[in-house]
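What follows is each chain in one-letter form.
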Amino acid sequence: QGQLVESGGGLVQPGGSLRLSCAASTDIFSGSAMGWYRQAPGKERGLVAQISSDGKTNYADSVKGRYTISRDNAKNTVYLQMNSLKVEDSAVYYCNAWKWVATRFVDYWGQGTQVTVSS
């Protein structure tokens with residue numbers, strides 16, 4: 001059974017940086033688009049950033065210019081570099097992977113990692 005394992009969350013002051021990592025099993029990572037979502041208390045989960053299997057990226061407007069998503073195909077890992085963090089970036093961040101297997105859409109979620117931005 002494939003899985004996604006996130007790490008790198010924590011407490012940081014406004015203006016600081018964090019890097020999240022998401023390690024995937026090979027069967028999940030290969031050929032998958034990978035993404036990061038976040039969910040703050042009382043709010044819906046929303047897309048933060050996504051990277052396709054061939055490296056194309058897209059970002060939520062709220063994080064453009066501050067966050068960078070990347071993937072290391074040799075390590076089956078996707079990263080989210082978060083700079084200039086704001087209080088409103090505080091949320092549980094979830095790693096996601098999705099792809100088409102024949103005609104079937106499959107996606108996977110990590111367990112989530114807490115990011116808290118506070119002074």
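Computed from a predicted model, the values in this text were never measured in an experiment.

A. Seen up close, the state of the cysteines. Applying the stated criterion across every chain yields a total of one disulfide. Here cysteine 22 engages in a disulfide with cysteine 95; their sulfurs sit 2.1 Å apart. Across the S-S bond of cysteine 22 and cysteine 95 the torsion is about -85 degrees, and the bridge reads as left-handed. Of this pair, cysteine 22 sits in strand S3 (residues 18-24) while cysteine 95 is found in strand S9 (residues 91-101), placing the two residues 73 residues apart along the sequence. Judged by its relative accessible area of 0%, cysteine 22 falls in the buried class. Assessed through its relative accessible area of 0%, cysteine 95 is described here as buried.

B. Molecular detail of the layout of surface pockets. The volume enclosed by the largest pocket comes to roughly 170 Å³. Forming the boundary of the largest pocket are 15 residues, of which Arg38, Ala40, Lys43, Glu88 and Ala91 lie nearest the centre. Looking at the lining of the largest pocket, the elements that each hand over two or more residues are strand S4 (33-39) and strand S5 (46-51). The element contributing the most residues to the lining of the largest pocket is S5, with three residues. Along the lines of polarity and charge, the residues of the lining of the largest pocket split into six nonpolar, four polar and five charged.

Rules behind the numbers
Residues numbered from 1 in each chain as written. Predicted model: local features only at pLDDT ≥ 70, side-chain atom pairs only at ≥ 80, totals over all residues. Heavy atoms only, no water. Disulfide = S-S within 2.5 Å. Helix = DSSP H or I, 4+ residues; strand = E, 2+ residues; numbered from the N terminus. Buried < 20%, exposed > 50% of the residue type's maximum accessible area, 1.4 Å probe, protein only. 1 Å grid on protein atoms, 1.4 Å probe; cavity = no way out; pocket = protein on both sides within 12 Å on 5 of 7 lines; lining within 4 Å. Points joined across faces, edges and corners; volume = space filled by probe spheres on them. Nonpolar A, V, L, I, M, F, W, Y, C, P; charged D, E, K, R; others polar.

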